[in-house]
Amino acid sequence: MIKTEQKQIQQDIEVAIECDRCKKLYSKDNYAYQEILRIDFTAGYLSAFGDGYQVQCELCSDCLHQLISDFCRKSEY
Ligand SMILES: [Zn+2]
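Quick question: what am I supposed to make of the pattern of salt bridges here?
On inspection of all chains with the given rule, the structure shows two salt bridges. The salt bridge involving Glu 14 is made with Arg 38; its shortest N-O contact spans 2.5 Å. Taken together, the residues Glu 14 in the segment before strand S1 (16–18) and Arg 38 in strand S3 (residues 37–42) connect sequence positions 24 residues apart. Here Glu 14 falls in the partly exposed class, since its relative accessible area comes to 32%.

Could you clarify how one ought to interpret the coordination of the zinc ion in this entry?
A metal bound by six donors in octahedral fashion has ideal angles of 90 or 180 degrees, whereas one bound by four tetrahedral donors has an ideal angle of 109.5 degrees. All of the protein donors around the zinc ion are Cys 19 (SG), Cys 22 (SG), Cys 60 (SG) and Cys 63 (SG); their distances to the metal are 2.3 to 2.4 Å. Coordination geometry of the zinc ion: the four donor atoms subtend angles of 106 to 114 degrees at the metal centre, consistent with an arrangement described as tetrahedral. For the zinc ion, the donor residues sit on a single chain with the sequence spacing C-x2-C-x37-C-x2-C. One end of the pair, Cys 19, is in the loop between S1 and strand S2 (25–27); the other, Cys 60, is in the loop between strand S4 (54–59) and helix H1 (61–68), with 41 residues separating them in the sequence. For the pair formed by Cys 19 and Cys 60, the shared burial category is buried.

What's the story with unusual backbone geometry in this structure? I'm lost.
Trans peptide bonds make up the majority, and among non-glycine residues the majority have a negative phi. Positive phi, normally seen in glycine, also occurs at Lys 23, with a value near 70 degrees. By the element assignment, Lys 23 lies in the loop between S1 and S2. In this structure, Leu 46 takes a positive phi of about 70 degrees despite not being glycine.

Scoring rules and cut-offs
Residues numbered from 1 in each chain as written. Predicted model: local features only at pLDDT ≥ 70, side-chain atom pairs only at ≥ 80, totals over all residues. Heavy atoms only, no water. Salt bridge = Lys/Arg side-chain N within 4 Å of Asp/Glu carboxyl O. Helix = DSSP H or I, 4+ residues; strand = E, 2+ residues; numbered from the N terminus. Buried < 20%, exposed > 50% of the residue type's maximum accessible area, 1.4 Å probe, protein only. Donors = N, O, S within 2.8 Å, 3.2 Å for Na, K, Ca; no water. Tetrahedral: all angles 85-135°; square planar, octahedral: opposite > 155°, others 65-115°.

Next up, the structure:
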């Protein structure tokens, strides 16, 4: 028989994201929150970031547009 007991668990819950470029804070109830690009990867061999480095970044839509609009491809949905 499995015995159980109740425990209160504290948990970190994401409530907002700060853009790493412009530092603007986007709360979860802000529509723009859904447009934030999350980058999270481990750089590989010969990567400009350095082999094995963990790279993380959150960018808001405005900053992403400023960074890639000159060369990105886009089309209407
Ligand atoms: Zn930004």
